[in-house]
Amino acid sequence: MKYAVIDIGSNTVRLNIYNQDQEGRINPLLSKKHVAGLASYVEDGCLTQKGIDKLVRILQSFQLICQTFDIDKVIAFATASLRYVANREEVIASVQPLTGLTIELVSGEDEAWYGYQGILHDYDIPEGFIVDIGGGSCELTLIQDRDVVYAKSLPAGSLSLYKKFCSRLLPDPAEAKKIRKYVRGLLQESGLPLPDHRLPIYGVGGTLRATGNLCQEYLGLASSQQITQEDIKILSKALLAEQSSAMKVLLQVSPERVHTICPGILMLLSILSYSGARKVLISDKGVREGILVSKLMAGC
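Visitor: Lay out the overall build of the protein in plain terms, naming residues and giving numbers.
Guide: A count of helices and strands for the protein gives 11 helices and 13 strands. Here the protein has a C-alpha radius of gyration of 19 Å; the compact-globule value for 300 residues is 19 Å, and the two agree. Residues classed as buried in the protein amount to 54% of the 300 residues present. Put simply, 69% of the contacts in the protein that link residues at least 6 apart link residues at least 24 apart. For the protein, the exposed surface amounts to about 13200 Å²; the carbon and sulfur share of it is 49%. Side-chain charges in the protein split into 32 positive and 32 negative, and the spacing between the mean points of these groups amounts to 6 Å.

See the structure below:
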């Protein structure tokens, strides 16, 4: 059986195709993304027609790929890209007849749960924080005794922070300070439990993976999947100072995130500081794998 999962995010729209073998294992076949920047098409709380048209074009191109691969089932879902827009129902209704796709709107809490299910493919997590910084939201999950005891979606992500605070490509020192202060305020309001001992952060999603890749390239680390708070601070300082060596690495490794990576990194640093965590373990699995496995287990 072949399955396709389409993830409609605030910054990117992604297609992943998987094959389920006879033993029930899910194996990736293809990954493709478009940097849509849907959050930048939101005006007066609504996704504009221009943004809807762009989404339709991307989904139609993904449908052509799915036809080529002879997909048995397509799962399409949206997170903060539509969760926070006032006309989300109208968008979903207008997209369906043009693409043949029924889009599931995933809540912040469900997104956090799916992220946890996805990351279990890479890590056994007895306890720790799971962080997924998207374009328009950030999902925080606390795991204790291998169970979810807290899940919360913060209404801010790398792209929305850029739109809210940044006047140019990279935040200046005053803007960076405002981002850190704003995120800390969200964390204080979130009710995130803080255990009396340090826990690691497990990172999922594009912002965390890009941060790991940048740290590895810039600092010469052995792996992109384990980075420390100090690694991230060094990278952040170099990028915010627009050091040529750091900017060169950014343009080589993640050019599509040139305007959103610094707000995302500043958010991650705020979470590290608030939680007391000192290291981040990054997975290339996440919400898409989690939602597929959950659907298959439910017989959908």
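Visitor: Any details on the sheet that holds strand β10 (residues 147–154)? Residues and values, ideally.
Guide: Here we have six strands laid out as an open sheet, ordered β10-β9-β8-β11-β13-β12, and mixed in their pairing. On the outer flanks of this sheet lie β10 and β12 (226–228), each paired with one strand and no other. When strand polarity is set aside, the average angle formed by the axes of neighbouring strands in this sheet is 25°. Strand direction decides the pairing type here: strand β8 (residues 127–133) and strand β9 (residues 138–144), joined by seven bridges, are antiparallel. Counterpart to Ile-133 in the pairing with β9 is Cys-138. Each of β8, β9, β10 and β11 (201–204) is contacted by helix α4 (residues 108–119), which is oriented at about 130° to β10, the strand it contacts most. Together, β12 and β13 (279–282) form the strand contacts of helix α8 (residues 229–240), whose direction differs from that of β12 by roughly 75°.

Visitor: Pulling in residues and values, what's your account of the state of the cysteines?
Guide: In total, this model carries zero disulfides according to the counting rule given. Its sulfur unpaired, Cys-138 is 16 Å from the next cysteine sulfur, which belongs to Cys-166. For Cys-138, a relative accessible area of 0% corresponds to the buried category. Unpaired in terms of disulfides, Cys-166 finds its nearest cysteine sulfur in Cys-262, a separation of 8.2 Å.

Visitor: Got a sec to walk through a positive patch on the surface? Specific residues and values, please.
Guide: Where like charges cluster on the molecular surface, the positive patch consists of Arg-180, Arg-198, Lys-233 and Arg-278. On the secondary structure map, Arg-180 appears in helix α6 (residues 173–190). With relative accessibility at 31%, the residue Arg-180 sits in the partly exposed group.

Visitor: Got a sec to walk through unusual backbone geometry? Specific residues and values, please.
Guide: The phi angle at Asp-44 is positive, at roughly 55°, despite the residue not being glycine. Classification of Asp-44 by relative accessible area gives exposed; the value is 83%. Positive phi is not limited to glycine here, since Glu-242 has a value of about 55°. Along the chain, Glu-242 falls in the loop between α8 and α9 (244–253). Overall, Glu-242 belongs to the partly exposed group, its relative accessible area being 37%.

Visitor: So what about the nonpolar core? Which residues, and what values?
Guide: Leu-140, Ile-232, Met-267 and Ile-271 are the most contacted members of the largest nonpolar core, which totals 49 residues. Among all residues touching Ile-271, those that are not within four sequence positions of it are Val-131, Ile-133, Cys-138, Leu-140, Leu-187 and Ile-201. Ranked by size, the runner-up nonpolar core spans 28 residues in total, among them Val-13, Ala-76, Ala-78 and Leu-82.

Thresholds, definitions, all that
- Residues numbered from 1 in each chain as written.
- Predicted model: local features only at pLDDT ≥ 70, side-chain atom pairs only at ≥ 80, totals over all residues.
- Heavy atoms only, no water.
- Helix = DSSP H or I, 4+ residues; strand = E, 2+ residues; numbered from the N terminus.
- Rg over C-alpha atoms; globule rule 2.2 N^0.38 Å.
- Buried < 20%, exposed > 50% of the residue type's maximum accessible area, 1.4 Å probe, protein only.
- Contact = heavy atoms within 4.5 Å.
- Areas by Shrake-Rupley, 256 points an atom, 1.4 Å probe, with all protein chains shown as cover.
- Lys, Arg positive; Asp, Glu negative; His and termini not counted.
- Charge placed at Lys NZ, Arg CZ, Asp CG, Glu CD.
- Pairing = 2+ DSSP bridges.
- Axes fitted to C-alpha atoms, helices over the stretch in contact; angles between N-to-C directions.
- Disulfide = S-S within 2.5 Å.
- Patch = residues over 30% accessible without salt bridge, like charges linked within 9 Å, V, L, I, M, F, W, Y side chains within 5 Å.
- Salt bridge = Lys/Arg side-chain N within 4 Å of Asp/Glu carboxyl O.
- Core = buried A, V, L, I, M, F, W, Y, C linked by side-chain atoms within 4.5 Å.

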